[in-house]
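If you want the building blocks of each chain, they are given just below.
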Amino acid sequence: MLKEARSAGSHVAEQLARDQARYAELGRWLRTAPPSGIVTVARGSSDHAANYCAYLTMVRLGHIVASLPMSLVTLSKAPLIARDALAIAISQSGQSPDVIEPIRYFRDGGATTVALVNDAESPLAQTAEWTLPLHAGAELSVAATKSFIASLVAGALFAGHWQDDAGFLHALESLPESLQRAADSDWSKAVEILAPARNIMVVGRGIGFPLALEAALKFKETSAIQAEAFSGAEIKHGPMALIHEDYPLLMFATRGPTQAGMLQLAAEMRQRGAKVLLAAPADIAERDLTLPTAVTPDLDPIVAIQAFYVMAAQLSVARGMDPDKPRHLSKVTKTS
């Protein structure tokens, strides 16, 4: 896991050197024939990447994006109106039937279908009309790291080419270097505090919320910590009752309009006695962990999760576990 996570920068460099014409062609098509509706189709870490792609699409292009409950197609056989819609699937393996079947359904129904998938020869890749490989290389660790980062980059490429934003696309070119720096981040304080932890709440908001979702999953997968992700806007609507003295919270205060509220929330949680690990950029004096940043705030989650992954692998070892052999899990999960 640690080796693969640290290799993300080199794989992203390859990803950025490939398929740009195909992304541009898809962007032109979507500008010519805007979809009537947009759904994402994904599970696990890929669904967290889809959350990021959806956020960029909504904030930059104004289109509403929903995460499709796949059972509507696979089990309920709901008569969904697919014509002129856009369905975006994200997957590392491209093998799971409950991701493949909805893409087939939407394509047969007249939708534009897109697969952001690491295995370009997979059934999902063969099913979608537009297949855009992640180029993350073979991933042996059960816990996805480099393929997740490549999925985030693919989502940014998708949104940037649809918007035809040359400045944003240029900013993406700096990601390999930013990822390399992020891999060297020192988050040892988090390892020290969380090594004995039994549970944790992970908090983010806006473009930082996919970070919270992914971090919580990795805590469960690799360290067997009961972790839950919440939006900073939702934590006072019930989850607050869980907070007690020394309760651990990892809070992502990414740059942008949600940062001020996250910093205020971190201060409130500290007053309540919580053991807050505030991950924030270097200009935030009250931070506990330095959150690496990219050239533009919309790309910050990509480099931020890189720093987290290195810490998560180290934390697993500190807890006497093997991050490459999570209990009861396998690399490819096939659900229907």
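From a predicted model like this one, the values you see are computed outputs, not experimental measurements. Here the residue numbers are simple positions, counted from 1 along each chain's written sequence. Per-residue local features are limited, in this predicted model, to residues with pLDDT of at least 70; the limit for side-chain atom pairs, both in listing and counting, is 80 or more; totals at the level of whole chains, interfaces and linings are taken over all residues. Excluding hydrogens and water, the side-chain values take into account all heavy atoms of the structure.

(A) Seen up close, the packing of aromatic side chains. Centres within 6.5 Å are what make two rings of Phe, Tyr or Trp a pair, Trp counting through its six-membered ring; a difference in plane orientation under 30 degrees is then read as stacked, over 60 as edge-to-face, and the rest as tilted. Across all of its chains, the model carries five aromatic pairs by this definition. With centroids separated by 6.3 Å and ring planes inclined at 80°, the aromatic side chains of Phe 148 and Tyr 309 adopt a geometry described as edge-to-face. In this pair, Phe 148 sits in helix α8 (residues 146–163) while Tyr 309 sits in helix α14 (residues 300–318), placing the two residues 161 residues apart along the sequence. Looking at Tyr 309, the relative accessible area reads 0%, which means it is buried. Ring plane angle 65° and centroid distance 5.7 Å describe the contact between Phe 158 and Trp 162, whose orientation is recorded as edge-to-face. On the criterion of helical spacing, the pair formed by Phe 158 and Trp 162 is a turn pair, its members being four residues apart in helix α8. Relative accessibility thresholds used throughout: buried, under 20% of the residue-type maximum; exposed, over 50%; partly exposed, between the two (1.4 Å probe, protein chains only). Given a relative accessible area of 3%, Trp 162 falls into the buried group. Numbering of helices and strands runs from the N terminus, with a helix taken as a DSSP run of H or I at least four residues long and a strand as a DSSP run of E at least two residues long.

(B) Region of interest: the sheet that holds strand β9 (residues 275–280). DSSP calls a pair of strands paired once it identifies at least 2 bridges connecting them. Ordered in space as β7-β6-β8-β9-β10, the five strands form an open sheet in which the pairing is parallel. The two strands at the open ends of the sheet, each matched to only one other strand, are β7 (226–231) and β10 (289–290). For strand β6 (residues 199–204) and strand β8 (residues 248–252), the ladder comprises three bridges, and the chain directions are parallel. Residue Met 201 lies in a different strand from β8, and its bridge partner there is Leu 249. The sheet strands contacting helix α12 (residues 209–223) are β6, β7 and β8, and the helix crosses β7 at an angle near 175°. Residues count as neighbours in contact if any of their non-hydrogen atoms are within 4.5 Å of one another. To get an axis, a line is fitted to the C-alpha atoms, and for a helix only the part in contact is used. The angle between two axes follows their N-to-C directions and goes from 0 to 180 degrees.

(C) Here's a closer look at the sheet that holds strand β1 (residues 38–41). The strand order β2-β1-β3-β4-β5 describes an open sheet built from five strands, whose pairing is parallel. Across the chains shown, the open sheet's two edge strands, defined by having one partner strand only, are β2 (65–67) and β5 (130–133). Between one strand and the next, the sheet's axes are offset by a mean angle of 20°, whatever the strand orientation. Pairing of strand β4 (residues 112–117) with β5 involves four bridges; the strand directions are parallel.

(D) Representation of α8. To estimate how far a helix should extend, the number of its residues minus one is multiplied by 1.5 Å. Across its 18 residues, α8 extends 26 Å between first and last C-alpha, which sits within 8% of the 26 Å expected from 1.5 Å per residue. Looking one or two residues past α8, Asp 164 carries a phi angle of roughly 60°, positive in sign.

(E) Fine view of the nonpolar core. Judged by nonpolar contacts, the single largest core of 80 residues is most densely connected at Phe 219, Leu 250, Phe 252, Leu 299 and Phe 308. Leaving out residues up to four positions away in the same chain, Phe 219 has contacts with Leu 194, Ile 200, Val 202, Ala 224, Ile 225, Ala 227, Leu 250, Phe 308, Met 311 and Leu 315. Throughout this description, the term nonpolar core refers to a set of buried Ala, Val, Leu, Ile, Met, Phe, Trp, Tyr and Cys residues connected via side-chain atoms within 4.5 Å.

(F) The environment of Gly 44, seen in detail. Among the secondary structure elements, Gly 44 is positioned in helix α4 (residues 44–61). For Gly 44, a relative accessible area of 39% corresponds to the partly exposed category. Through-space distance from the C-alpha of Gly 44 to that of Glu 214 is 8.3 Å; in sequence the pair is 170 residues apart.

(G) Structural context of the pairing of β7. As paired strands, β6 and β7 are joined by six bridges and run parallel to one another. Within the sheet, the bridge partner assigned to Val 202 lies in β7 and is Ala 229. Handedness of a crossover is defined as follows: with both strands directed away from the viewer, a clockwise route from the first strand across the helix to the second makes it right-handed. In this fold, the crossover linking β6 to β7 by way of α12 has right-handed handedness.

(H) α12, seen in detail. The terminal C-alpha atoms of α12, which comprises 15 residues, lie 21 Å apart, in line with the 21 Å expected from a rise of 1.5 Å per residue. Burial analysis of α12 places eleven of its 15 residues in the buried class, which makes it a mostly covered element. Listed in full, the buried residues belonging to α12 are Pro 210, Leu 211, Ala 212, Glu 214, Ala 215, Ala 216, Lys 218, Phe 219, Glu 221, Thr 222 and Ser 223. Where α12 ends, the next residue or the one after it, Ala 224, has phi of about 55°, a positive value.

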